[in-house]
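Coordinates in review
So you can see what is in the structure, the chains are spelled out below.
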Amino acid sequence: MDIQYQKYFNDNYITIGQAFKIVLTWIVYIFLGILLLSMVCGVKIYTVVGWSMQPTIDYKSIVFVVDDKKTYDIDDIISFKFAGSVNTHRIIDIEYNSDNTIKHYVTKGDNPNLDSQEYIIPSRVLGRVIPIDPNKNLYLTIPYIGNAILFLQEHMGALIVTIIAGYVAFYMTPRRKDYERYNVEG
């Protein structure tokens, strides 16, 4: 005789609360996966907050950047420190010193309607956006998730996430009263 537990649940539909829990759980898993990728693989994550890389990288997407400590080539998309923030642009030219060392990278966004050309010295480069298929302009990005990251950077966003995490921790753990104990003849 086996003892099993069965949750009270109607198999034909789920409630709004259950749907909320499922969606919230997947959001937590996605953020934990991104955080794990960042910590284990040394990948940095930045939010694109401008339109200069449209259509290659959408506004408020996150980009995954790896610093492989090499020189970068023309057509690489790099993230760099510029004017107190982090920008992401494509290298369109490289200018060299007389001793054949890199003087600076000339970068520009992909949006033809914006003049966003910058001259970046190599020490300001944070890394290269991870390419999936550069020939087809495919890079490792997640569109629109930057909205959530920017929201979390604000104090109110952090407070709301803390409240939601408490809700998930308290209400998503199974309770003994939620289950019915029954015997199964085996």
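From a predicted model like this one, the values you see are computed outputs, not experimental measurements. (Residues numbered from 1 in each chain as written. Predicted model: local features only at pLDDT ≥ 70, side-chain atom pairs only at ≥ 80, totals over all residues. Heavy atoms only, no water.)

1. Focus on the nonpolar core
So the rule is basically this: Only buried residues count toward a nonpolar core, which is a set of Ala, Val, Leu, Ile, Met, Phe, Trp, Tyr and Cys residues joined through side-chain atoms within 4.5 Å. Summary of the burial criterion: residues with accessible area below 20% of their type's maximum are buried, those above 50% are exposed, and those between are partly exposed, where the area comes from a 1.4 Å probe applied to protein chains only. Think of it this way: any DSSP run of H or I at least four residues long counts as a helix, any run of E at least two long counts as a strand, and we number them from the N terminus. What makes two residues a contact is simply this: any of their non-hydrogen atoms within 4.5 Å.
Ranked by size, the top nonpolar core spans 10 residues in total: Y46, V48, M53, I57, V63, V65, I77, L126, V129 and Y139. Elements that contribute at least two residues to this core include exactly β3 (62–66) and β8 (125–129). With sequence-adjacent residues up to four places away left out, I57 is seen in contact with V48, V63, I77, T88 and T141. Counting nine residues, the second largest nonpolar core, distinct from the first, contains I78, F80, I102 and I120.

2. What to know about helix α1 (residues 16–41)
Short version of the rule: A helix's residues, less one, multiplied by 1.5 Å, set its expected span.
Relative to the 38 Å expected for 26 residues at 1.5 Å per residue, α1 spans 37 Å between its end C-alpha atoms, a close match to the ideal helical length. Those residues of α1 that fall on the buried side of the exposure criterion are L24, T25 and I34. Just downstream of α1, G42 is the residue with a positive phi angle, here 75°.

3. Looking at the packing of aromatic side chains
Filter applied, for reference: Side-chain rings of Phe, Tyr and Trp (the six-membered ring for Trp) are treated as a pair once their centres are within 6.5 Å; stacked means planes under 30 degrees apart, edge-to-face means over 60, and tilted covers the remaining angles.
Applying the stated criterion across every chain yields a total of four aromatic pairs. Here the aromatic rings of W26 and Y29 are separated by 5.9 Å at their centres, their planes lie at 85°, and the arrangement is edge-to-face. Here W26 and its partner Y29 are both found in helix α1, three residues apart, which amounts to about one turn of the helix. Under the relative-accessibility criterion, W26 is labelled exposed at 55%. Summarising the aromatic geometry, the rings of F80 and F82 are spaced 6.4 Å apart at their centres and angled 75° between planes, so their arrangement reads as edge-to-face. Looking at F80, the relative accessible area reads 0%, which means it is buried. For F82, a relative accessible area of 30% translates into the label partly exposed.

4. A closer look at the pattern of salt bridges
This is how the line gets drawn: Should a side-chain nitrogen of Lys or Arg be within 4 Å of a carboxyl oxygen of Asp or Glu, the pair is scored as a salt bridge.
Applying the stated criterion to the full structure yields two salt bridges. R128 serves as the salt-bridge partner of D68, at 2.5 Å between the closest nitrogen and oxygen. A residue pair is termed long-range when its members are at least 10 positions apart, and D68 in the loop between β3 and β4 (77–82) and R128 in strand β8 qualify at 60 residues. A salt bridge links R90 to D110; the shortest N-O distance between them is 2.8 Å. Of this pair, R90 sits in strand β5 (residues 85–96) while D110 is found in the loop between β6 (102–108) and β7 (118–120), placing the two residues 20 residues apart along the sequence.

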